[in-house]
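Chain by chain, the residues run as shown.
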Amino acid sequence: MNKDELDRFNEADKKIHPVETQWHFPIMTAAGFIPETTEGVGFVRSYVYTHPDGRKIRATTGVNGDYWNDMTVNKGGYWCDLKAYVKRV
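So, a few notes on the structure that sits alongside this text. Fair warning: this is a prediction, and the values are worked out from it, not measured in the lab.

About the cut-offs
Residues numbered from 1 in each chain as written. Predicted model: local features only at pLDDT ≥ 70, side-chain atom pairs only at ≥ 80, totals over all residues. Heavy atoms only, no water. Buried < 20%, exposed > 50% of the residue type's maximum accessible area, 1.4 Å probe, protein only. Helix = DSSP H or I, 4+ residues; strand = E, 2+ residues; numbered from the N terminus. Arc of directions from axis to C-beta. Contact = heavy atoms within 4.5 Å. Salt bridge = Lys/Arg side-chain N within 4 Å of Asp/Glu carboxyl O. Pairing = 2+ DSSP bridges. Axes fitted to C-alpha atoms, helices over the stretch in contact; angles between N-to-C directions.

### Some details on helix H3 (residues 79–88)
Then, in step 1: Every buried residue of H3 is listed here: Leu 82, Tyr 85 and Val 86. Axial view of H3: buried residues confined to an arc of 90 degrees, hence all on one face. Facing away from the buried side of H3, by more than 90 degrees, are the exposed residues Cys 80, Lys 87 and Arg 88.
Then, in step 2: For H3, the secondary structure elements touched by its buried residues are helix H2 (25–30), strand E5 (56–62), strand E6 (67–70) and strand E7 (75–78).

Quick look at the structure:
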């Protein structure tokens, strides 16, 4: 990667991504979770959600990074499992 390419890469990694634009937002908010993280920066970013009952789930998204982790019970999975999981718990 030459300097110009590296500069463009580094600049792109500064992009701000509002939580409302992420794949997990409609799933989590429909299940009653509230986003603590309102925006993420870069190619891979994490967003934390809390539920009024105290549960916390972190959703990570970006380049090869679409997965989640229930921080309350240390369970996790990939994007395709999240909707079923939050409906179950």
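### Some remarks on the pattern of salt bridges
Then, in step 1: Inspection of the entire model under this criterion finds five salt bridges.
Then, in step 2: Note that Asp 7 is salt-bridged to Lys 3, the shortest N-O span being 2.9 Å. Placement of the pair is Asp 7 and Lys 3 together in helix H1 (residues 3–12), with a separation of four residues, close to one helical turn.
Then, in step 3: The residue Glu 36 makes a salt bridge to Lys 56 at a minimum N-O spacing of 2.4 Å. In this pair, Glu 36 sits in the loop between strand E2 (34–35) and strand E3 (39–41) while Lys 56 sits in strand E5, placing the two residues 20 residues apart along the sequence.

### Topic: the sheet that holds E6
Then, in step 1: The five strands lie next to each other as E2-E4-E5-E6-E7, forming an open sheet whose pairing is antiparallel. Looking at which strands have only one partner, the edges of the open sheet turn out to be E2 and E7.
Then, in step 2: Both E6 and E7 contribute to a ladder of four bridges, which runs antiparallel. Considered in E7, the bridge of Asp 70 is made with Lys 75.
Then, in step 3: Across the sheet, H3 lies against E5, E6 and E7, angled at about 130 degrees from E7, the strand it touches most.

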